[in-house]
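Next come the chains, spelled out residue by residue.
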Amino acid sequence: MPGDFYDQARIFVQAGDGGDGAATFSREKYVPRGGPDGGDGGRGGHVILLADPGLNTLLPFRERSRFVAERGGNGGTSRKHGRNGRDTTIRVPVGTVARTTIDGETYEIDLDAPGLRLLAARGGRGGLGNTHFATSTYQTPRIAELGEPGERREIEIELKLLADVGLVGFPNAGKSTLLSVISAARPKIAPYPFTTLQPNLGVVEVGEQSFVAADIPGLIEGAHRGAGLGFDFLRHIERTRLLIHMIDAAGVDGRDPAGDFNAINEELRLYQPALAARPQIVALNKADLPEARANLARVRVAIDLPDSDVFVISAATREGIDALLQRVAARLADIPALHQPPRAAMLSWPVPRVDERLYTITPVSDGWRVSGRRIERLISMTNFAQSEAIMRIQRVLEASGISAALLAAGIRNGDILYIERAAFDWEDGEVSYRVPGSYATR
Ligand SMILES: Nc1nc2c(ncn2[C@@H]2O[C@H](COP(=O)(O)OP(=O)(O)OP(=O)(O)O)[C@@H](O)[C@H]2O)c(=O)[nH]1
Ligand SMILES: [Mg+2]
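Owing to the predicted nature of the structure, the values given are computational and were not obtained by experimental measurement.

**Student:** Residue-level account of a negative patch on the surface, with values.
**Tutor:** Judged by side-chain charge, Glu-398, Glu-427, Asp-428 and Glu-430 come together as a negatively charged surface patch. The topology assignment puts Glu-430 in strand β20 (residues 430-433).

**Student:** Explain the domain arrangement of the protein residue by residue, including any values.
**Tutor:** Split into domains, the protein comes out as domain 1 (8-160 + 344-348), domain 2 (165-334) and domain 3 (360-433). Inter-centroid distance (C-alpha atoms) of domain 1 to domain 2 is 47 Å. The partner domain 2 presents 5 residues to the 9 residues of domain 1 that form the contact. Buried area between domain 1 and domain 2, both sides added, is near 540 Å², and the carbon and sulfur share of it is 39%. When the buried surface of domain 1 facing domain 2 is broken down by residue, Gln-8, Leu-159 and Lys-160 rank first, second and third, together holding 68% of it. The interface formed by domain 1 and domain 2 contains 3 salt bridges. Salt-bridge contacts for Arg-235 lead to Glu-158; the nearest nitrogen and oxygen are separated by 3.0 Å. On inspection of domain 1 and its partner domain 2, the count reaches 6 residue pairs in polar contact (both at pLDDT 80 or more). In terms of residue class, the side of domain 1 that touches domain 2 is built from 2 nonpolar, 3 polar and 4 charged.

**Student:** Can you break down the packing of helix α4 (residues 257-271) against helix α6 (residues 290-302) residue by residue, with the values?
**Tutor:** The relative placement of two packed helices is expressed as an angle between their axes plus a distance between the axes. Where α4 contacts α6, the two axes come as close as 8 Å, and the packing angle between them is 25°. Considering the angle they form, α4 stands roughly parallel to α6. Along this stretch, α4 crosses α6, giving a crossing that reads as right-handed. In contact with Pro-257, Ala-258, Phe-261 and Asn-262 of α4, α6 contributes Asn-295, Arg-298, Val-299 and Ala-302. Its residues placed into classes, the contact of α4 with α6 shows 5 nonpolar, 2 polar and 1 charged.

**Student:** Tell me about the site of ligand 1, residues and numbers included.
**Tutor:** For ligand 1, the set of nearby residues contains 24 residues, the closest of which are Lys-175, Thr-177, Phe-194, Thr-196 and Asp-288. Within the side chain of Asn-285, an N or O atom sits 3.1 Å from an oxygen atom of ligand 1. Summarising the interface, the protein chains cover 88% of the accessible area of ligand 1, which totals 650 Å² for the free molecule. Per-element accounting of the shell around ligand 1 gives the leading share, 3 residues, to helix α2 (residues 175-182). Split into classes, the residues belonging to the shell around ligand 1 amount to 12 nonpolar, 9 polar and 3 charged.

**Student:** Account for the pairing of strand β10 (residues 200-206), with residues named and values stated.
**Tutor:** Residue alternation in β10 divides its side chains into a buried set, Asn-200, Gly-202, Val-204 and Val-206, and an unburied set, Leu-201, Val-203 and Glu-205. Bridge count between β10 and strand β11 (residues 209-215): 7 bridges; the pairing is antiparallel. Looking at β11, one finds that Val-204 is bridged to Phe-211. Where β10 folds back onto β11 in an antiparallel hairpin, the turn is made up of 2 residues, including Gly-207, whose phi is positive at roughly 55°.

Rules of the game
Residues numbered from 1 in each chain as written. Chains lettered and ligands numbered in written order. Predicted model: local features only at pLDDT ≥ 70, side-chain atom pairs only at ≥ 80, totals over all residues. Heavy atoms only, no water. Patch = residues over 30% accessible without salt bridge, like charges linked within 9 Å, V, L, I, M, F, W, Y side chains within 5 Å. Areas by Shrake-Rupley, 256 points an atom, 1.4 Å probe, with all protein chains shown as cover. Salt bridge = Lys/Arg side-chain N within 4 Å of Asp/Glu carboxyl O. Lys, Arg positive; Asp, Glu negative; His and termini not counted. Charge placed at Lys NZ, Arg CZ, Asp CG, Glu CD. Helix = DSSP H or I, 4+ residues; strand = E, 2+ residues; numbered from the N terminus. Domains from an automatic or database assignment. Contact = heavy atoms within 4.5 Å. Buried area = accessible area lost by both parts, 1.4 Å probe. Polar contact = N/O pair within 3.5 Å; in protein donor to acceptor, adjacent residues only side chain to side chain. Nonpolar A, V, L, I, M, F, W, Y, C, P; charged D, E, K, R; others polar. Axes fitted to C-alpha atoms, helices over the stretch in contact; angles between N-to-C directions. Parallel < 35°, antiparallel > 145°, perpendicular 65-115°, else oblique. Left-handed = near helix turned anticlockwise from the far one by under 90°. Near = heavy atom within 4 Å. Buried < 20%, exposed > 50% of the residue type's maximum accessible area, 1.4 Å probe, protein only. Pairing = 2+ DSSP bridges.

In structure tokens:
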């Protein structure tokens, strides 16, 4: 069962490729040979994550983990611009953390406010039409770009619920019972430990104020290193502002309530010191039972908190609950909310500070491979069916210094030059395109 929780998932997102640019010529009357008028392709659709306050589970991502956005439309004659591809929006619960690896670096973005959006995969830009390739000396360019491929990413998403108040305590302390009494939530309640297997959220109203409380599975000794169920859920209360520490004062399961208090605090500290330092309000529960009454004085001594933060309650009879909630609401009013309103319309992954022009040359069995962001993008946007495309590649290889670097590395006539999906024959510094199928790709 552990590891199988649905509050973590891995998704694959693929943005739309840009549309292709057009290589067309106007056919006007009296103009013997019209000028280039091929329009640009449209941008490919983005894949966007959107923090939706109406959701509280990543369960749907068990069923579906692949998301693709639409391709951009192709450019047309008369400079007609291709249509932009439609974006694909993936709704995730508020509090979802998204993680991806770019160039060996892992980046994390927290969708911690309703309405925040993350540009998870950027749509490719549209290819340029042939109007962009005309110069005073070259007026009939029969060349246009293909659309840029859309980004593809593997993204880990993890839900860290955003609640103001976390309910912690041993199994059977009565956490779910309390949540069911103070909110409309209807968690499962039963007289055996580990009834709660997944976090439950409830909205609690106290006068004009309201807050969100999270009930998580019971903690036991060793929880910080994975014992029981609690560990997988402690992260859900990492971002609460206050904890209600529930203790079964009657010791129904045979434990000492005073020991319980210290044991849970120790687990919190070992899991994350900041969690142990979070403001706590203690609820000594099951006060309706005589055993609890007998224990109270002794337990109270073991709890190093002022009287104003220790409450004797019965979730079963509702005794003491109003006073507890009043105090929780009052303390919350003094603790600033961690979560800020949306910072930007659309968040995006940080752009790695890599010079796009950098490239590497690696010897392969029958030639050389050139890798580099800019040159690879150029190749991916080249339509080799257009005979003039190879001239552009030739020019770029020379202007970028790649040709000279290849010669310095020892390239010889007859060697094959591989860049991205393309392969070229190299002959006296001139490249010619090898038709796919005549070589093994990669
Ligand atoms: N007598 C009495 N029983 C209570 C009280 N609160 C809860 N219980 C009982 O204690 C048992 C455990 O309650 P839960 O609310 O399921 O406890 P929990 O802390 O959520 O337990 P886990 O989900 O297993 O961690 C149930 O049988 C409840 O009916 C109370 O105030 N008085
Ligand atoms: Mg429970």
